[in-house]
Amino acid sequence: MVSRIGWLRAAVLGANDGIVSTASLIIGVAAASAASADVLIAGTAGLVAGAMSMAAGEYVSVSSQSDTEQADLARERRELASQPEVERDELARIYVERGIDPVLANQVAEQLMAKDSLGAHARDELGISEGVIARPVQAALTSAATFAVGAALPLSIVLLVPRPALLAAVAVSSLGFLGLLGAVGARVGGASVGRATIRVTFWGALAMAATAAIGAMFGTVV
Ligand SMILES: [Zn+2]
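Residues numbered from 1 in each chain as written. Predicted model: local features only at pLDDT ≥ 70, side-chain atom pairs only at ≥ 80, totals over all residues. Heavy atoms only, no water.

*Asks:* Kindly report on the layout of surface pockets, identifying the contributing residues and their values.
*Replies:* Empty pockets left among the atoms are what a rolling probe the size of a water molecule brings to light. The space that makes up the second largest pocket amounts to roughly 510 Å³. What lines the second largest pocket is a set of 21 residues, and nearest its centre among them are V12, L13, G182, G185 and A186. Among the elements that line the lining of the second largest pocket, the one with the most residues is helix α1 (residues 2–31), at seven residues. Of the residues belonging to the lining of the second largest pocket, the class tally is twelve nonpolar, six polar and three charged. (1 Å grid on protein atoms, 1.4 Å probe; cavity = no way out; pocket = protein on both sides within 12 Å on 5 of 7 lines; lining within 4 Å. Points joined across faces, edges and corners; volume = space filled by probe spheres on them. Helix = DSSP H or I, 4+ residues; strand = E, 2+ residues; numbered from the N terminus. Nonpolar A, V, L, I, M, F, W, Y, C, P; charged D, E, K, R; others polar.)

*Asks:* Now, about helix α6 (residues 166–189): what can you tell me, with residues and values included?
*Replies:* Compared with an ideal rise of 1.5 Å per residue, which puts 24 residues at 34 Å, α6 spans 34 Å between its outermost C-alpha atoms and is within 8% of the ideal. Looking only at α6, the buried set comprises L166, V170, S173, S174, L178, G179, L181, G182, A183 and A186. After α6 finishes, the residue G190 shows a positive phi value of roughly 80 degrees. (Expected span 1.5 Å × (residues − 1). Buried < 20%, exposed > 50% of the residue type's maximum accessible area, 1.4 Å probe, protein only.)

*Asks:* Describe a nonpolar patch on the surface, and please don't skip the residues or the numbers.
*Replies:* A surface patch of nonpolar side chains, about 410 Å² in accessible area, is lined by Y59, V60, V137 and L141. Counting residues per element, the ones that place at least two in the nonpolar patch are α2 (36–82) and α5 (136–160). Within the secondary structure layout, V137 lies in helix α5. Taking relative accessible area as the criterion, V137 reaches 52% and is therefore assigned exposed. (Patch = residues over 30% accessible without salt bridge, like charges linked within 9 Å, V, L, I, M, F, W, Y side chains within 5 Å. Areas by Shrake-Rupley, 256 points an atom, 1.4 Å probe, with all protein chains shown as cover. Salt bridge = Lys/Arg side-chain N within 4 Å of Asp/Glu carboxyl O.)

*Asks:* Please give an account of the side chain of T22 that cites residues and values.
*Replies:* Among the structural elements, T22 can be located in helix α1. Residue T22 is classed as buried on the basis of its relative accessible area of 1%. Ignoring sequence-local partners within four residues, the contact set of T22 consists of D17, G43, F147, A151 and P154. (Contact = heavy atoms within 4.5 Å.)

*Asks:* Before we move on, could you go through the coordination of the zinc ion and cite the residues and values that matter?
*Replies:* Within the first shell, the zinc ion binds the protein through E76 (OE), E87 (OE), E90 (OE), H121 (ND1) and E125 (OE), at distances of 1.7 to 2.4 Å. Written as a sequence motif, the donor residues of the zinc ion are E-x10-E-x2-E-x30-H-x3-E. Of the two residues, H121 and E125 are both situated in helix α4 (residues 102–126); the distance of four residues between them amounts to about one turn of the helix. Note on H121: relative accessible area 0%, which makes it buried. E125 gets classed as partly exposed once you look at its relative accessible area, which sits at 27%. (Donors = N, O, S within 2.8 Å, 3.2 Å for Na, K, Ca; no water.)

*Asks:* Describe unusual backbone geometry, listing the residues and the values that go with them.
*Replies:* Negative phi characterises most residues that are not glycine, and trans characterises most peptide bonds. A positive phi angle, near 55 degrees, is found at S33, a position not held by glycine. Checked against the element boundaries, S33 lands in the loop between α1 and α2. Owing to a relative accessible area of 57%, S33 belongs among the exposed residues under this scheme.

*Asks:* Describe the nonpolar core, listing the residues and the values that go with them.
*Replies:* Counting residues in hydrophobic clusters, the biggest one holds 26 residues, and the most contacted among them are I26, V39, V158, V170 and L178. Listing elements by their share of this core, those giving two or more residues are α1, α2, α5, α6 and α7 (193–221). Sequence-distant contacts of L178, defined by excluding residues within four places in its chain, comprise N16, I19, V20, V200, T201, G204 and M208. A92, Y95, M113 and A120 belong to the second largest nonpolar core, which has nine residues in total. (Core = buried A, V, L, I, M, F, W, Y, C linked by side-chain atoms within 4.5 Å.)

*Asks:* Explain the confidence of the model for the protein chain to me, using residue names and the numbers behind them.
*Replies:* Model confidence for the protein chain is summarised by a mean pLDDT of 90, while 95% of its residues fall at 70 or above. The element-level mean pLDDT for the protein chain is lowest in α1, coming to 85, with helix α3 (residues 84–97) highest at 94. (pLDDT = per-residue confidence, 0-100.)

*Asks:* Help me get a handle on the packing of aromatic side chains, residues and values and all.
*Replies:* Considering all chains together, one arrives at one aromatic pair under this definition. Residues F202 and W203 carry aromatic rings whose centres are separated by 5.4 Å and whose planes lie at 80 degrees to one another, so their mutual orientation is edge-to-face. Residue F202 is classed as partly exposed on the basis of its relative accessible area, which comes to 47%. (Phe/Tyr/Trp six-rings, centres within 6.5 Å; stacked < 30°, edge-to-face > 60°.)

*Asks:* Could you give an account of the pattern of salt bridges, naming the residues involved and the relevant values?
*Replies:* Within this structure, the stated rule accounts for four salt bridges. R75 is paired through a salt bridge with D72; the nearest N and O atoms lie 3.3 Å apart. Residue R75 and its partner D72 are located together in helix α2, separated by three residues, close to a single helical turn. In this structure, D89 and R88 form a salt bridge, with 3.2 Å as the shortest nitrogen-oxygen distance. Three or more residues joined by partner-sharing salt bridges are found here, namely R88, D89 and E110.

Set out below in structure tokens:
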């Protein structure tokens, strides 16, 4: 359940980033009175650049998390081999701290370690379990894919809507997509739908307003 929400949260965030940054880019270029074809090129470049940068960032961050996990597990494995009693007491103490009485905690530690000592220590001492283990490539691909899906939404508006209506259409539809995503994310996460929707559309609107202003400024200068 928790890992499903984590995955969904990452997907919603990736799509969110894709919509905000690509819509803002499109609006900025369109506000500088570029032709539809140029707006499309800029938006497509934005999609690719954003997806790659999301993948790279996520890969690096999750890799270093994974390195840390692997190093922790290796040290734990060594300690389990060299001093099993100390390790058993350590595990029992963790259960006592969580509210289990000392005699029972010792039994729990002993029985869990008899079955899978590294697994028990990984889970209860290091907080690493099978479901939440760091997977760099998977994280990178998920981020890139969800960003691209989000970015494709405002980009598809550029293809569908004639140039004069482009600015307004991208802004309105992107805010709509953002609101919808915010509502879905909040609903799944059990948070307030109204507040999440307002928050996400507010920041989206701010980003688009900023690039529209910059685009208009440069459009008149150049
Ligand atoms: Zn340990």
